Amino acid sequence: DVKVTQSSRYLVKRTGEKVFLECVQDMDHENMFWYRQDPGLGLRLIYFSYDVKMKEKGDIPEGYSVSREKKERFSLILESASTNQTSMYLCASSLRGQPQHFGDGTRLSIL
Amino acid sequence: AQSVSQHNHHVILSEAASLELGCNYSYGGTVNLFWYVQYPGQHLQLLLKYFSGDPLVKGIKGFEAEFIKSKFSFNLRKPSVQWSDTAEYFCAGLKNRDDKIIFGKGTRLHILP
């Protein structure tokens, strides 16, 4: 079974900090994705990657960056955290043209 | 713009009631459609998927969905819901094998015991 592992279930950081969210998948999937999930807004795509060292902006990339140095790992970086980035962050992976598999999510609070 | 819309944000039903959650997509061409479910405190899981072939798709836990191309719809159904179906349900579309999935805003389903 596909396993997508996010490094933290809960995280509390302060405004202005640089925050790293890590995601690892164990099924050799080409594609990896970062979403944020907010009540009433559903899932919004932040960034995605089709291959190592490749990245594409999603619908709401402002304030975020990503890194994909290895195929199995996709990191989301909040360059300078702000309170409006308090949210649930979901990582997903997939094979080309196939449904995505999701991690458990990281609930991030920015104080 | 490409979009997936879900008609109901919040649905409350009693156990044994029949369920239908609406989903419409706004883009043409080849479409691949999904329903995901998120149980409280758990990760999103795939409920069912439509790629081609029989437009009536059966998924896990007794759910099914019907793809109606003329109506741009992919509604989720279950004949008799259980309390354990309480969850949030997301319709999603993957356009022309583009690996970006577009999600609807979700429907929160609450089943009364």
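Below, the structure is looked at part by part. (Residues numbered from 1 in each chain as written. Chains lettered and ligands numbered in written order. Predicted model: local features only at pLDDT ≥ 70, side-chain atom pairs only at ≥ 80, totals over all residues. Heavy atoms only, no water.)

### Here's the deal with the overall build of chain B
Formally: The numbering of helices and of strands both runs from the N terminus, where a helix is a DSSP run of H or I of at least 4 residues and a strand a run of E of at least 2. Each radius of gyration is computed over the set of C-alpha atoms, and the globule rule expresses the reference value as 2.2 Å times the number of residues to the power 0.38. Any two residues whose heavy atoms approach within 4.5 Å are treated as being in contact.
What chain B contains, in helices and strands, is zero helices and 12 strands. Helices (α) and strands (β) of chain B occur, in sequence order from the N terminus, as β-β-β-β-β-β-β-β-β-β-β-β. Against the compact-globule benchmark of 13 Å for 113 residues, chain B has a radius of gyration of 13 Å, which places it among compact chains. For chain B, the spread of C-alpha atoms along the principal axes amounts to about 40 × 25 × 20 Å. Within chain B, counting contacts between residues at least 6 apart in sequence, those at least 24 apart form 55% of the total.

### Describing the overall build of chain A
Our working rule: We call a residue buried when its accessible area falls under 20% of the maximum for its residue type, exposed when it is over 50%, and partly exposed in between, using a 1.4 Å probe and counting protein chains only. Per-residue and other accessible areas follow the Shrake-Rupley method at a 1.4 Å probe size, with only the shown protein chains counted as cover for residues. In this tally, Asp and Glu contribute negative charge and Lys and Arg positive charge; neither His nor the terminal groups of the chain are included. Each charge is placed at NZ for Lys, CZ for Arg, CG for Asp and CD for Glu.
Helix and strand counts for chain A stand at zero helices and 12 strands. Order of helices (α) and strands (β) in chain A, N terminus to C terminus: β-β-β-β-β-β-β-β-β-β-β-β. Over its C-alpha trace chain A gives a radius of gyration of 13 Å, about what one expects of a compact globule, namely 13 Å for 111 residues. In terms of principal-axis extent, the alpha carbons of chain A reach across some 35 × 25 × 25 Å. The buried share among the 111 residues of chain A stands at 50%. Summarising the internal contacts of chain A: among those between residues at least 6 apart in sequence, 55% fall at separations of at least 24. Counting only carbon and sulfur atoms, one obtains 49% of the accessible surface of chain A, whose full area is about 5,300 Å². Considering chain A, the positive charge centre built from 16 side chains and the negative charge centre built from 15 side chains are found 4 Å apart.

### Some points on the pattern of salt bridges
Residue and element names in this part refer to chain B. Threshold: Note on definitions: salt bridges are taken to be side-chain nitrogens of Lys or Arg within 4 Å of carboxyl oxygens of Asp or Glu.
On inspection of all chains with the given rule, the structure shows 12 salt bridges over all chains. The shortest N-O distance in the salt bridge between Glu64 and Arg77 comes to 3.3 Å. Of the two residues, Glu64 is situated in strand 8 (residues 64-68) and Arg77 in strand 9 (residues 73-78); the sequence distance between them amounts to 13 residues. Among the residues examined, Arg77 registers a relative accessible area of 23% and is labelled partly exposed. Across the pair Arg77 and Glu66 runs a salt bridge, and its minimum N-O distance is 3.2 Å.

### Topic: the packing of aromatic side chains
Applicable threshold: Any two rings among Phe, Tyr and Trp, with Trp reduced to its six-membered ring, count as a pair given centres within 6.5 Å; such a pair is stacked if its planes are under 30 degrees apart, edge-to-face if over 60, and tilted if neither.
Here the structure, examined in full by the defined rule, presents 16 aromatic pairs over all chains. A centroid spacing of 5.5 Å and a plane angle of 90 degrees characterise the contact between Tyr35 of chain A and Phe103 of chain B, whose relative ring orientation is edge-to-face. Linking Tyr35 of chain A in strand 5 (residues 31-38) with Phe103 of chain B in strand 11 (residues 101-103), this pair reaches from one chain into another. Among the residues examined, Tyr35 of chain A registers a relative accessible area of 1% and is labelled buried. Aromatic pair Phe34 of chain B and Phe51 of chain B: ring centres 5.8 Å apart, planes at 70 degrees, arrangement edge-to-face. You can see Phe34 of chain B sitting in strand 5 (residues 31-38) and its partner Phe51 of chain B sitting in the loop between strand 6 (45-50) and strand 7 (56-58), a full 17 residues away along the chain. Note on Phe34 of chain B: relative accessible area 0%, which makes it buried.

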